[in-house]
Amino acid sequence: TVNRGDKVKITFKVRTEKIYYNGLDFRSEVFGDTGKVLPGGTKTVEFIAEKSFTYTSYWPASSREKATGKINVV
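All values reported here derive from a predicted model rather than from experimental measurement.

Engineer: Please explain the side chain of Asp25 as it appears in this structure.
Structural biologist: Among the structural elements, Asp25 can be located in strand 2 (residues 25-28). One polar contact links Asp25 to Arg27, side chain to side chain, over a distance of 2.9 Å. Setting aside residues up to four positions removed in sequence, Asp25 forms contacts with Asp33, Thr34, Gly35, Lys36, Thr56, Ser57, Tyr58 and Pro60.

Here you go:
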């Protein structure tokens, strides 16, 4: 949970084992699309917390949804 108006920084780290060779990409309506993050790689997004939202990871080549997470803003 974060407070409304806080500057938030999230670093997505893609593991190296048991992961699709082409990595993942992470998307939300707040920070957009990280683009492809290869296995072992990281990508950091920054935004000002204004509302709660979910983000989703996808396989880049097929856009197949893999997992979701939620950011709660109070």
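Read on for the rest.
Engineer: What exactly am I supposed to notice about the sheet that holds strand 5 (residues 53-58) here?
Structural biologist: Strand pairing in a sheet relies on backbone hydrogen bonds. The paired strands run either parallel or antiparallel. Taken together, four strands build an open sheet; the order of strands is 3-2-5-6 and the sheet is antiparallel. At either margin of the open sheet sits one strand with a lone partner, and together these are strand 3 (32-33) and strand 6 (65-71). With six bridges connecting them, strand 5 and strand 6 associate as antiparallel partners. In the strand pairing of strand 6, Ser57 is matched with Ala67.

The rules we used
- Residues numbered from 1 in each chain as written.
- Predicted model: local features only at pLDDT ≥ 70, side-chain atom pairs only at ≥ 80, totals over all residues.
- Heavy atoms only, no water.
- Helix = DSSP H or I, 4+ residues; strand = E, 2+ residues; numbered from the N terminus.
- Polar contact = N/O pair within 3.5 Å; in protein donor to acceptor, adjacent residues only side chain to side chain.
- Contact = heavy atoms within 4.5 Å.
- Pairing = 2+ DSSP bridges.

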